[in-house]
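What follows is the residue order along each chain.
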Amino acid sequence: MNANINVTELACSLAERDLEDYTDEFKGGADSMYQTDEYGNVSYVDKAQDIFNELNDYWEEQIMKCQVINKIK
């Protein structure tokens, strides 16, 4: 069976899920991982964004490895 997946979307979802494990690193818990601008847009604070980026890179690499292994089989 062949399945097409969006690697970036899947990696982002997995990284976002894993980021929850890092809430202890923020003084205010999960709520302090986010910031809101004057227009109400929500984004990660710098430290949370750095962690998210590392997790996202990790998951993209793992997904790509799985795709390569499946092509070899």
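This section reports on the structure supplied with the text. Note that the structure is a prediction, hence the values are computed from the model and not measured.

## Focus on the overall build of the chain
Now for step 1: Across its full length, the chain carries two helices and two strands.
Now for step 2: If you list the helices and strands of the chain from N to C, you get α-β-β-α.
Now for step 3: Within the span of the chain, comprising 73 residues, buried residues form 25% of the whole.
Now for step 4: In the chain, once contacts between residues fewer than 6 apart in sequence are set aside, the share between residues at least 24 apart is 57%.
Now for step 5: For the chain, the exposed area adds up to about 5900 Å²; of that, 49% sits on carbon and sulfur atoms.

## Description of the nonpolar core
Now for step 1: If you look at the biggest cluster of nonpolar residues, it comprises 15 residues, and the most contacted ones within it are L19, F26 and A48.
Now for step 2: Contributing elements (two or more residues each) for this core: α1 (7–19) and α2 (46–72).
Now for step 3: Of all the elements, α2 adds the most residues to this core, at six residues.
Now for step 4: Discounting residues that sit within four places of it in the chain, L19 has contacts with M33, Y44, A48, I51, F52 and L55.

## Observations concerning the pattern of salt bridges
Now for step 1: Inspection of every chain in the model, using the stated rule, returns three salt bridges.
Now for step 2: Salt-bridge contacts for R17 lead to D18; the nearest nitrogen and oxygen are separated by 3.0 Å.
Now for step 3: Residue classification places D18 among the buried residues on the basis of a relative accessible area of 14%.
Now for step 4: Across the salt bridge formed by E25 and K47, the nearest N and O atoms sit 3.8 Å from each other. Remark: K47 occurs in helix α2 and E25 occurs in the loop between α1 and β1 (34–36); sequence separation between them is 22 residues.
Now for step 5: Owing to a relative accessible area of 41%, E25 belongs among the partly exposed residues under this scheme.
Now for step 6: A residue is classified by how much of its surface remains accessible, and K47, at 39% relative accessible area, is partly exposed.

## A few points about a negative patch on the surface
Now for step 1: Where like charges cluster on the molecular surface, the negative patch consists of D46, D50, E54 and D57.
Now for step 2: Here D50 shows up in helix α2.

## Some points on the side chain of D18
Now for step 1: Among the secondary structure elements, D18 is positioned in helix α1.
Now for step 2: Of note is the side chain of D18, whose polar atom sits 3.0 Å from the side chain of R17.
Now for step 3: Setting aside anything within four residues of it in sequence, one finds D18 in contact with L55 and W59.

Here is what the cut-offs are and how they apply
Note that residues are indexed from 1 along each chain, following the sequence as it is written. Owing to the predicted nature of the model, reporting of local features is limited to residues with pLDDT of at least 70; listing and counting of side-chain atom pairs is limited to 80 or more, with chain, interface and lining totals taken over all residues. Each side-chain value is derived from all of the structure's non-hydrogen atoms; neither hydrogens nor water enter the calculation. Per the convention used, a helix needs a DSSP run of H or I reaching at least four residues, while a strand needs a run of E reaching at least two, with both numbered from the N terminus. Burial classes: relative accessible area under 20% of the type maximum marks a residue as buried, over 50% as exposed, and values in between as partly exposed (1.4 Å probe, protein chains only). Contacts are assigned to residue pairs that have any heavy atoms within 4.5 Å of one another. Under the convention used here, a 1.4 Å probe and the Shrake-Rupley method define accessible areas, while residue burial counts only the protein chains that appear. We call a set of buried residues a nonpolar core when its members are Ala, Val, Leu, Ile, Met, Phe, Trp, Tyr or Cys and they connect through side-chain atoms within 4.5 Å of each other. Here, a salt bridge means any Lys or Arg side-chain nitrogen found within 4 Å of an Asp or Glu carboxyl oxygen. Candidates for patches are residues over 30% relative accessible area with no salt bridge; among them, like charges are joined within 9 Å and nonpolar side chains (Val, Leu, Ile, Met, Phe, Trp, Tyr) within 5 Å. In this count, Lys and Arg are taken as positive residues and Asp and Glu as negative ones, while His and the chain termini are left out. Charge placement uses NZ in Lys and CZ in Arg. For Asp and Glu, CG and CD serve respectively. We define a polar contact as two N or O atoms separated by no more than 3.5 Å, with the added condition that, inside protein, one atom must be a possible hydrogen donor and the other a possible acceptor, whereas residues neighbouring each other in sequence contribute only through side-chain atom pairs.

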